[in-house]
Amino acid sequence: MVSRLNPYISFAGNAKEALEFYKTVFGGSLIMNSFADFGAPDGTEGIMHGMLEADNGFTLMASDTPPGMEHNPGTNITISLSGEDAAELRGYWDALGDGATVTVPLEKQMWGDEFGSLIDKFGIGWLVNISSPQG
């Protein structure tokens with residue numbers, strides 16, 4: 001998979017409804033995983049990660065704000081960088097990290113990929129996910 005850059009929207013408990021709506025707008029295939037799918041404690045509800053890939057090449061990712069984190073409408077969109085090219089993506093991470101505030105260190109996560117998030121020196125949120133090569 002080549003690296004991709006796309007918007008990532010955070011919702012306050014209605015990510016499933018929003019992603020299903022966007023699917024009616026753009027078409028394509030929609031994959032959603034709940035917090036429970038990844039072993040979150042009982043009672044944790046919502047979408048941990050959803051991805052809509054439209055036939056025209058548009059990609060939209062979204063999730064519900066995790067428990068304990070604040071949802072701030074207007075600042076709930078970040079930019080996601082993802083793919084399998086670890087060297088390329090780590091290079092972006094390092095460059096974006098200049099003057100940034102790291103909110104999640106780039107490291108292996110419970111879903112098996114390396115993931116990190118930061119707020120760059122201009123106040124823009126970035127998510128970097130390095131997928132484990134498939135097959």
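Going by the annotation in an unreviewed UniProt entry, the name recorded for the protein is VOC family protein, with Antrihabitans spumae given as the source organism.

Asks: A description of the pattern of salt bridges should follow, citing residues and the corresponding values.
Replies: Applying the stated criterion to the full structure yields 4 salt bridges. Here Arg 90 and Glu 114 are joined by a salt bridge, their closest N and O atoms 2.4 Å apart. Residue Arg 90 is located in helix α2 (residues 86-96), and its partner Glu 114 is located in strand β7 (residues 114-119); the two are separated by 24 residues in the primary sequence. Judged by relative accessible area, which is 22%, Glu 114 ranks as partly exposed.

Asks: Describe α2, and please don't skip the residues or the numbers.
Replies: Helical periodicity: at 3.6 residues per turn, an α-helix aligns residues three or four positions apart in one direction. Within α2, burial applies to Leu 89, Trp 93 and Leu 96. All buried residues of α2 project into a common sector of 75 degrees when viewed along the axis, lining one side. Of the residues in α2, the exposed ones pointing more than 90 degrees away from the buried face are Ala 87, Asp 94 and Ala 95.

The rules behind these values
Residues numbered from 1 in each chain as written. Predicted model: local features only at pLDDT ≥ 70, side-chain atom pairs only at ≥ 80, totals over all residues. Heavy atoms only, no water. Salt bridge = Lys/Arg side-chain N within 4 Å of Asp/Glu carboxyl O. Helix = DSSP H or I, 4+ residues; strand = E, 2+ residues; numbered from the N terminus. Buried < 20%, exposed > 50% of the residue type's maximum accessible area, 1.4 Å probe, protein only. Arc of directions from axis to C-beta.

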